[in-house]
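Residues per chain, in single letters:
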Amino acid sequence: MTVLAPTATPTNWDGIVEEHYADVQRWALRLTGNPHDADDLTQETFVRVFHALDRYQDGSFAAWLHRICTNLFLDSVRRNGKFKVAPFDPDTHNLPDHQADPAWHYETAALVGRVGEALRRLPGQYRECVVACDIEGKSYEDAAATLGLKVGTVRSRLHRGRAAMRSDLS
């Protein structure tokens, strides 16, 4: 078997990593729920990308990276039999500033905990769609490309995942 040398040069490879590292790291953290596992998953993702760069075809490079990361994660889940998602962190999202309202902080912290637990209880196929669209803010099309699904499948899983979370939170 002949192994093809990657086409990335150190200069443009550094640019690829610099441009996409934080996004892949955040995605890996959402998938694994653990910073150490996310670091490992991110590193493995970029190793795979480096070796597969010559096979990349036109399309969304970010979606291709996320798909590789997701596939590596799912392979790990199949091997180890565990699947968890990092809790929702309101500090990393654009939420209104209610510094002067302690009751709002208390209610938000309680809700964030409940939402995180409801998210963890979702079946994996629904959870990955909810994470992609509702937490990462991806469009249906981007989520479909990232997850390797059809847009209709993403929409239906997202609908079912949201319904299950609504039911769990009520």
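Everything numeric in this text was worked out from a predicted model, so none of it was measured.

Considerations on the overall build of the protein
Of regular secondary structure, the protein possesses 7 helices and 0 strands. Moving toward the C terminus, one meets the helices and strands of the protein in the order α-α-α-α-α-α-α. Each of the 170 residues in the protein was classed as buried or not, and the buried ones make up 35%. Across the protein, every contact between residues at least 6 apart in sequence was considered, and the portion connecting residues at least 24 apart equals 63%. In the form shown here, the protein has an accessible surface area of approximately 10,200 Å², with 53% of it arising from carbon and sulfur atoms.

So, the pattern of salt bridges
Throughout the structure, instances matching the rule amount to 7 salt bridges. Residues Asp23 and Arg26 are paired through a salt bridge, measuring 2.7 Å at the closest nitrogen-oxygen approach. In this pair, Asp23 and Arg26 both sit in helix H1 (residues 10–32), 3 residues apart, roughly one turn of the helix. Between Arg120 and Glu117 there is a salt bridge; the shortest N-O distance is 2.6 Å.

A word on the confidence of the model for the protein
Averaged over every residue, the pLDDT of the protein is 76; residues scoring 70 or more account for 74%. Model confidence for the protein, summarised as mean pLDDT per element, is weakest for helix H4 (residues 102–121) at 69 and strongest for helix H7 (residues 151–169) at 90. The low-confidence segment residues 1–11 (pLDDT under 50) makes 9 contacts with residues lying over four places distant or belonging to another chain.

Here's the deal with the side chain of Gln25
Mapped onto the elements of the fold, Gln25 is located in helix H1. With residues up to four places along the chain from it excluded, the contact list for Gln25 reads Pro35, Ala38, Asp39 and Thr42.

Some thoughts on the packing of aromatic side chains
To describe a pair of aromatic rings, you give the distance between the ring centres and the angle between the ring planes. The full count for this structure, using the stated rule, is 2 aromatic pairs. Aromatic pair Phe61 and Trp64: ring centres 5.5 Å apart, planes at 50°, arrangement tilted. Placement of the pair is Phe61 and Trp64 together in helix H3 (residues 61–80), with a separation of 3 residues, close to one helical turn. The ring of Trp27 has Lys138 sitting right over it, with the charged end atom 5.5 Å from the ring centre.

Cut-offs and rules
Residues numbered from 1 in each chain as written. Predicted model: local features only at pLDDT ≥ 70, side-chain atom pairs only at ≥ 80, totals over all residues. Heavy atoms only, no water. Helix = DSSP H or I, 4+ residues; strand = E, 2+ residues; numbered from the N terminus. Buried < 20%, exposed > 50% of the residue type's maximum accessible area, 1.4 Å probe, protein only. Contact = heavy atoms within 4.5 Å. Areas by Shrake-Rupley, 256 points an atom, 1.4 Å probe, with all protein chains shown as cover. Salt bridge = Lys/Arg side-chain N within 4 Å of Asp/Glu carboxyl O. pLDDT = per-residue confidence, 0-100. Phe/Tyr/Trp six-rings, centres within 6.5 Å; stacked < 30°, edge-to-face > 60°. Lys NZ or Arg CZ within 6 Å of the ring centre and 35° of its normal.

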